[in-house]
Amino acid sequence: MSKPKIAIFDFACCEGCQLQIVNLEEGILDLLGVADVVEWREARSEQSEEYDIAIIEGSITRPQDEEKLKVIRSRAKILIALGACATMGGVNKLKNNFDLDEVKKCVYKEDSTKPHLATAMTKGCDEVVKVDFKIHGCPIHRKEFVYIVKSLLLGKTPEIPDYPICVECKANGNPCLWDYGQICLGPITRAGCDARCPSNGSRCFGCRGYVSNPNVDAAKDVMLKYNLNVDDLKSKMVLFGSSQEPTL
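Since the model is a prediction, treat every value here as computed from it, not as a measurement.

Undergrad: Is there a simple way to think about the overall build of the protein in this case?
TA: A count of helices and strands for the protein gives 9 helices and 5 strands. Put simply, the protein runs from its N terminus to its C terminus through helices and strands in the order β-α-α-β-β-α-β-α-α-β-α-α-α-α. Relative to the compact-globule value of 18 Å for 248 residues, the protein shows a C-alpha radius of gyration of 19 Å, a close match. Overall, the C-alpha framework of the protein stretches about 60 × 50 × 25 Å when taken along its three principal axes.

What follows is the structure, given as structure tokens:
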């Protein structure tokens, strides 16, 4: 029986999430024992038009990228968005808050008029094609990546957390960073990273996206407790939350 074929593609990103896969080191061998990686630019020069699972890192920023993603989707039985750029547009989506022509001039200067630099809104993968599963984070959590991919290879549906980071903070015995003057997005951000940032003394930046039904009332109560307002919270949400802020 042939192994399932996996292809990994990247669009507009820093490729840090793919580096997290490389950082699995010996753990990669476990995956290779049950699947064949047939395309992965960071690791091999070969390419393939046949694959069962497509893993996409990066946001979609050009019309030609949209077309390429649609082709990948048509060939893949399962498509996984890898990391914040792919799952929701990531930091790249900040440009959508500005005039796109001005953004292009700022970045490319005298080269901004070159035809291949088409002006387009930044999109997450699911704004272009159907995404079957999302591996959240910037960067992703390695253990979660292994869990999700292994589950799919075994024919199981992985369970993606849909409760806030605060749950993991409490489980880890972390002090609340709001008590230390940090505006933390833990109350509205999806868990699954084992509260990586708060556990190391840094507020949650919201890189895993928001839970499906964020408890905005609880978030407002926290802000009132610390004499803050909705705008204070929204100013922190924009880094990873452009065009997808929950109603506060």
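Undergrad: Just checking my understanding: could you explain helix H6 (residues 142–153) for this structure?
TA: One full turn of an α-helix is made of 3.6 residues, so residues set three or four places apart face in the same direction. In this model H6 runs 17 Å from its N-terminal to its C-terminal C-alpha over 12 residues, within 8% of the 16 Å that 1.5 Å per residue would give. Turning to H6, its buried residues are Glu144, Phe145, Val146, Ile148, Val149, Ser151, Leu152 and Leu153.

Undergrad: Is there a simple way to explain the sheet that holds strand E4 (residues 78–82) in this structure?
TA: Spatial strand order, E2-E1-E3-E4-E5: 5 strands in an open sheet with parallel pairing. Looking at strand neighbours, the two that pair on one side only are strand E2 (36–40) and strand E5 (133–135), the edges of this open sheet. Each strand of the sheet is rotated relative to its neighbour by a mean of 20°, with strand direction disregarded. Sheet topology places strand E1 (residues 5–10) next to strand E3 (residues 53–57); 5 bridges connect them, and they run parallel.

Undergrad: What is the right way to look at the pairing of E4 in this model?
TA: Of all 5 residues in E4, 4 are buried; the element is thus mostly enclosed. One ladder, built from 5 bridges, connects E3 with E4; its direction is parallel. Bridging across to E4, isoleucine 53 finds its partner in isoleucine 78. For the crossover from E3 across helix H3 (residues 63–75) to E4, the handedness is right-handed.

Undergrad: It is not clear to me how the side chain of serine 59 should be interpreted in this structure. Could you clarify?
TA: The residue serine 59 is located in the loop between E3 and H3 in this model. In terms of polar contacts, serine 59 uses its side chain to reach the side chain of asparagine 92, at 2.8 Å. The residues touching serine 59, leaving out its near neighbours within four places in the chain, are Phe11, Ala12, Cys85, Ala86, Gly89, Asn92, Thr122 and Lys123.

Undergrad: Even after reading the chapter, I still don't get the layout of surface pockets, so can you show me in this structure?
TA: Leftover empty space is mapped by rolling, across the atoms, a probe with the size of a water molecule. The space that makes up the second largest pocket amounts to roughly 260 Å³. Residue lining of the second largest pocket: 16 residues in total, with Cys166, Lys170, Cys176, Leu177 and Trp178 positioned closest to the centre. Looking at the lining of the second largest pocket, the elements that each hand over two or more residues are helix H7 (165–172) and helix H8 (216–225). Among the elements that make up the lining of the second largest pocket, the one with the highest residue count is H7 (4 residues). Of the residues assigned to the lining of the second largest pocket, the class counts are 12 nonpolar, 2 polar and 2 charged.

Undergrad: What is the right way to read the pattern of salt bridges from this model?
TA: It is possible for side chains bearing opposite charge to pair when their charged atoms get close. Evaluated as defined, the whole model comprises 17 salt bridges. Residues arginine 73 and aspartate 132 are paired through a salt bridge, measuring 2.9 Å at the closest nitrogen-oxygen approach. Highlighted residues: arginine 73 in helix H3 and aspartate 132 in the loop between helix H5 (100–108) and E5, separated in sequence by 59 residues. Residues joined by salt bridges that share partners form a network here, namely Asp10, Glu15 and Arg41.

Parameters and conventions
Residues numbered from 1 in each chain as written. Predicted model: local features only at pLDDT ≥ 70, side-chain atom pairs only at ≥ 80, totals over all residues. Heavy atoms only, no water. Helix = DSSP H or I, 4+ residues; strand = E, 2+ residues; numbered from the N terminus. Rg over C-alpha atoms; globule rule 2.2 N^0.38 Å. Expected span 1.5 Å × (residues − 1). Buried < 20%, exposed > 50% of the residue type's maximum accessible area, 1.4 Å probe, protein only. Pairing = 2+ DSSP bridges. Axes fitted to C-alpha atoms, helices over the stretch in contact; angles between N-to-C directions. Right-handed = clockwise from strand over helix to strand, strands pointing away. Polar contact = N/O pair within 3.5 Å; in protein donor to acceptor, adjacent residues only side chain to side chain. Contact = heavy atoms within 4.5 Å. 1 Å grid on protein atoms, 1.4 Å probe; cavity = no way out; pocket = protein on both sides within 12 Å on 5 of 7 lines; lining within 4 Å. Points joined across faces, edges and corners; volume = space filled by probe spheres on them. Nonpolar A, V, L, I, M, F, W, Y, C, P; charged D, E, K, R; others polar. Salt bridge = Lys/Arg side-chain N within 4 Å of Asp/Glu carboxyl O.

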